[in-house]
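# Examining the three-dimensional arrangement
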Amino acid sequence: MSQKHLGHTARKRFGQNFLHDQYVIDKIVSAINPQPGENLVEIGPGLGALTEPVAEYIDHLTVVELDRDLAKRLIHHPFLNKKLTVIEQDALKFDFSSLIKEPGDLRIFGNLPYNISTPLMFHLFSFSTQVKDMHFMLQNEVVKRLCATHGDKLYGRLSVMAQYYCDASPVVAVPPSAFKPAPKVDSAVVRLVPHKTPPADVKDINILQRVVTTAFNQRRKTIRNSLKDLLSSDDISDLGIKPELRAEALSLQDFALLANKVHSTL
Ligand code: SAM
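What counts and what doesn't
- Residues numbered from 1 in each chain as written.
- Predicted model: local features only at pLDDT ≥ 70, side-chain atom pairs only at ≥ 80, totals over all residues.
- Heavy atoms only, no water.
- Phe/Tyr/Trp six-rings, centres within 6.5 Å; stacked < 30°, edge-to-face > 60°.
- Helix = DSSP H or I, 4+ residues; strand = E, 2+ residues; numbered from the N terminus.
- Buried < 20%, exposed > 50% of the residue type's maximum accessible area, 1.4 Å probe, protein only.
- Near = heavy atom within 4 Å.
- Polar contact = N/O pair within 3.5 Å; in protein donor to acceptor, adjacent residues only side chain to side chain.
- Areas by Shrake-Rupley, 256 points an atom, 1.4 Å probe, with all protein chains shown as cover.
- Nonpolar A, V, L, I, M, F, W, Y, C, P; charged D, E, K, R; others polar.
- Core = buried A, V, L, I, M, F, W, Y, C linked by side-chain atoms within 4.5 Å.
- Salt bridge = Lys/Arg side-chain N within 4 Å of Asp/Glu carboxyl O.

Next up on the list: the packing of aromatic side chains. Under the counting rule described, the total for this entry stands at seven aromatic pairs. With a centroid separation of 5.8 Å and 65° between ring planes, the pair formed by F96 and F127 is classed as edge-to-face. Taken as a pair, F96 in the loop between β6 (84-87) and β7 (106-111) and F127 in the loop between α4 (117-125) and β8 (131-139) lie far apart in primary sequence, 31 residues in all. Grouping residues by exposure puts F96 and F127 together as buried. Here Y164 and Y165 contribute two aromatic rings whose centre-to-centre distance is 5.1 Å and whose plane-to-plane angle is 80°, an arrangement assigned as edge-to-face. Here the two residues Y164 and Y165 agree in accessibility, since each one is buried.

Next comes the structure, spelled out in structure tokens:
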């Protein structure tokens, strides 16, 4: 069934669910709190539900939009066009560091296409040293994953890596009725603030990723089993970590110790 909003037919393949609830939009904009002179970047501006109110506070805004028709609408927008730089590209492939004006000044936000939210988070983490903060609308479950700590039910690879890069906190809960078309699940806005100094000493981030991914790919197994190709049981216990634990019981600090041990054996 085609879903039209403001004369545009929503494209499922681009994860298009447009915000139309003014109360929710106002809450998100005040959570972002745009200030004149800041370097703001929106991912997936769509029909401008967040772009228009954010642009009221600032003189210039960069937007990254994959849908050609929507990008064109923004380029020809009657009053936004003067303030916008429209980048018609896939945010997953876009080099966000090309937008830096001063070190660490990027403020990124967006109501993200849910179908690409996890890979997009990982792509954005790679620019975290250049980012002041990020505000994203995501499926509530993904927000919970981003904010989970060890022992939580939804704690996993995304939680550990998010913790390494950022402080994550939920800021606005959003019901399906706030969108057109309405998604099947609840949503929430998460605030991600990159750490100035990482909370764990990690020698090689790629090895941390590998250890975390390997451990959570077999999350029902003990780490003695899931990590056996990387570390021996003695290696693990020498670090003060019990080899009979599962990945979900390990903190970021534990994963950092394991990753550094793998690094030292290479
Ligand atoms: N910001 C609008 C709103 O809140 O109503 C639209 C949000 S909609 C959930 C997601 C937007 O991201 C759509 O405009 C879609 O075309 C765009 N989009 C989808 N995939 C994208 C990608 N890989 N890179 C950039 N934009 C993308």
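Glancing now at the site of the ligand. In the vicinity of the ligand there are 23 residues, among which L19, G44, E65, D90 and N111 approach most closely. Between the ligand and the protein, one listed contact pairs a nitrogen atom with a backbone N or O atom of G44 at 2.8 Å. Within the backbone of A91, an N or O atom sits 2.9 Å from a nitrogen atom of the ligand. Notes on the ligand: free accessible area 590 Å², of which the protein chains cover 98%. When its residues are assigned to classes, the shell around the ligand shows 12 nonpolar, seven polar and four charged.

Let us look at the nonpolar core. Core analysis: the largest hydrophobic core is formed by 58 residues, its most contacted members being F96, I108, M121, F136 and F255. Residues A31, L50, L80 and L84 belong to the second largest nonpolar core, which totals 25 residues.

Our focus in this paragraph is the pattern of salt bridges. Applying the stated criterion to the full structure yields nine salt bridges. Of the charged contacts in the structure, one is a salt bridge between D133 and R107, with a shortest N-O distance of 2.9 Å. Of this pair, D133 sits in strand β8 while R107 is found in strand β7, placing the two residues 26 residues apart along the sequence. For the pair formed by D133 and R107, the shared burial category is buried.

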